[in-house]
Amino acid sequence: MTTSTVDVAVIGAGPAGLAAAISAKESGAKNVIVLDRNSWLGGILPQCIHDGFGVIETGSSMTGPEYAQMYINMAEKQKITLLCETMVLSFDKNLTITAVNKNGLQKIKTKSIILSMGCRERTRWFAMIPGDRPSGIFTAGVAQAFINLYNIMPGKNILILGSGDVGLIMARRLKFEGANVLGVVEILPFPSGLPRNVVQCLDDYDTPLYLNHTVTYIQGRERLESVTIAQIDKNRKVIPGTERKIKCDTLLLSLGLIPENELAGNTGINIDNTTGGPIVNQFLETSLPGVFACGNCLQVYDLVDELSSDAKRAGANAAQKKNLKTEKTIKINPGKGVRYVVPQLITVPGKTHFSLRVIKPEESKRIIINSGGKEVFSKKLAWVNPANMISFDAEIPNEILEKEQDLEVCLA
Amino acid sequence: MTNEKKITCIVCPIGCKILTKTDGTHFEVLNGNKCKRGVEYARNEALDPRRMLTTTVLVKNGKWPLVSVKSTKPVPKQKIFEVLKEIKKITLAAPVTSGQVVLENAAGTKIDIVSTKTITKIKK
C-alpha cells in the first residue's frame, strides 16, 4: 500500500473535475491530484464529437474533444497530478481516500475532497418496460461510445425512447452512419432535450417525434425484433387501441441521468432526493465539511460552460476552506413550479449563486425568493423550460439569516 | 416557384413556428414570429440553411480506431450527405493531431474537414 498526502483530491477527471482542480491550484492549493477510473481524461467529452461546447465561456463553438483538451492542457500546465486507471473505493470522515490501481492499494490523505463523479444513464429497468430480454437494447450514451470511440454500429433499424439531448444527438449521428432511425418516443407532451437539438437532430432529417407516447412491450428471441409503442393520456395511462408494433433491431434508451453518488452516500453525506446529488451550501460544500461537489454528480447540467463555472467555484472553495465560515443555516426549498434548487442550504449572507429547474415549459414568468411570505428577490423571465437550467445571483441579506427562517424559491 | 415553409425558431426556447414564403431569392414571413430575431433566423433557414458537420474518420495503428472531425464552417444543408460520403472514404494513419486537415474542399463546398482530437500511434 502506498500512502500520500495532498491538499485537494478530486474524484473524476471529467470537465467538472478538471475545472475544479485547475481552480483549486490557482487559488493556492499546492498539491492537487485528480483520480479517474478510466484510461483517459475528459470523462464523457471524448465521445461527444458534436459541437456547441464552450459557446458562453470562449465565444466559439467547440466540439466535446476540443473542450476537454483545452482543460487537460491547462491542468498539465498547472502541474496537477492526473491519475488515470485509478478507482476510488471509498473515503472516510477524516478525508482519507482509499483507491486502487495497477500499483496496488493507494491511501491518499487530503485536506479537501472534490466530488465530480458525473452520472450514469437510466436503464430499461427504470422505465419498467415489460417484455422479452433480447440483445439490441442500449442506453444512448453507450451507443454513442460504440459509434464515436470504438467504430461499432449498434444496429440498423433503430427506435429511440426518450427525447433527452443524448437521444436526439444519437438520432442524427445514426442517420449519418447510414442507420434507419424510425423515430423518437417521448412520454411527456414536450421534448426533454434542448429545442436546437429537436430542430437540428430530428426535424432536419424528418425523424418523427412521438410525444405522449411510450414503449409498452419489447419482443425478440435472440435479437430485438419489435417494439410496441402506444399513446398515453394525461394520467400516463395507455389509451387502448393506440398500440402500434414497430419492427426494429435496436432500441436506444435516453431516459435521463442519475448522479453517481455511491461514494458520497457510503460516507454518510446527505443526498437530495430530487437532484440525486449531495445537499450543498453556497460554497458547494456537502454535509461533510471539507467535501465539495460539482459537475453532473451535483446536478445534471445542460451546458458544460455553466458546469465548469460552478466547478471552478467548488475548486476555489476547496483550496481556501479555512476561510469558509458558517454563521447560521437556512434551507432553500423549491416552491410552486420549481423542481429543485441548488444550493439547498445557505450559511452566510451576501451574493449567492442559484441554479434551478422548472417543472414545465411556460411563458412570461417571474422567479421569486420568498422569506416567510415576503418577497426578497424577483427576476423576470420571458420563458422557462425544464430542459434549460436557470441560474442567477441573488443577494441574501443578513437579517434573513439572523431570523433562521427557510427560503422558498418559486415561479409566479 | 413559391414555397411556403414552417420553420421552428431556435433563437430562444419559446420555439415559434414561423410560416415563411420564398421563391429562392425573395423572402417573406407570413406569421408566427414573436420577435425580430425570429425573422433573421427564418430568412437564413429559408434561403441558405447551413449546419456544422461533425463525424469520425478511420485511423490505422492508433490508440483509438477513430478520430473525431468537424467542418471548419457550417455546410449547406443539402450537401451534408455528399460531404459525409467523401469523409467515409478516408483512412488516416496514426498519429493524428487535433486541427489537422483531413479533407480539403469537401464535396466542392470550399469547406475543409479537420480533426478535433489527437490520436497517438500504438506502440508495437
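Residues numbered from 1 in each chain as written. Chains lettered and ligands numbered in written order. Predicted model: local features only at pLDDT ≥ 70, side-chain atom pairs only at ≥ 80, totals over all residues.

Asks: What should I look at first to understand the overall build of chain B in this one?
Replies: Regarding its fold elements, chain B presents two helices and 10 strands. Secondary structure of chain B in N-to-C order comes out as β-β-β-α-β-β-β-β-α-β-β-β. The C-alpha radius of gyration of chain B comes to 19 Å, more than 25% above the 14 Å expected for a compact globule of 124 residues. Across its three principal axes, chain B shows a C-alpha extent of roughly 65 × 30 × 15 Å. Here the contacts in chain B between residues at least 6 apart in sequence split such that 48% fall between residues at least 24 apart. (Helix = DSSP H or I, 4+ residues; strand = E, 2+ residues; numbered from the N terminus. Rg over C-alpha atoms; globule rule 2.2 N^0.38 Å. Contact = placed C-beta atoms within 7 Å.)

Asks: Honestly, the packing of helix H6 (residues 165–176) of chain A against helix H7 (residues 195–202) of chain A in this entry has me stumped. Any pointers?
Replies: For any two helices packed against each other, one specifies the inter-axial angle together with the distance between the axes. All names here are of chain A. Taken N-terminus to C-terminus, the directions of H6 and H7 make an angle of 20°; their axes are 8 Å apart at the nearest point. It follows that H6 is roughly parallel to H7 by the angle criterion. Regarding H6 and H7, the two cross each other, and that crossing is left-handed. Across the interface between the two elements, Asp 165, Leu 168, Ile 169, Ala 171 and Arg 172 from H6 touch Asn 197, Val 198, Cys 201 and Leu 202 from H7. A breakdown of the residues in the contact of H6 with H7 according to their chemical character gives six nonpolar, one polar and two charged. (Axes fitted to C-alpha atoms, helices over the stretch in contact; angles between N-to-C directions. Parallel < 35°, antiparallel > 145°, perpendicular 65-115°, else oblique. Left-handed = near helix turned anticlockwise from the far one by under 90°. Nonpolar A, V, L, I, M, F, W, Y, C, P; charged D, E, K, R; others polar.)

Asks: I'm lost on the interface of chain A and chain B in this one. Help?
Replies: Interface extent is often summarised as the accessible area lost during association of the parts. Each partner contributes to the interface: chain A provides 24 residues, whereas chain B provides 21 residues. Among the secondary structure elements, those contributing two or more residues to the side of chain A that touches chain B are helix H3 (64–77) and H7 of chain A. Considering each element in turn, the side of chain A that touches chain B owes the most residues, four residues, to H7(A). Grouping the amino acids of the side of chain A that touches chain B by side-chain chemistry returns nine nonpolar, nine polar and six charged.

Asks: Before we go on, may I ask you to explain the nonpolar core in this structure?
Replies: Residues and elements named next belong to chain A. Ranked by size, the top nonpolar core spans 82 residues in total, and within it Val 10, Ile 11, Ala 20, Ala 21, Ile 114, Leu 115 and Cys 294 carry the most contacts. Residue assignment places this core across two domains, with domain 1 (1–119 + 256–324) and domain 3 (325–412) each supplying three or more. Counting 35 residues, the second-largest nonpolar core is a separate cluster that includes Leu 168, Met 170, Val 181 and Val 198. (Core = buried A, V, L, I, M, F, W, Y, C linked by C-beta atoms within 7 Å. Buried ≥ 20, exposed ≤ 12 C-beta atoms within 10 Å, placed from the backbone. Domains from an automatic or database assignment.)

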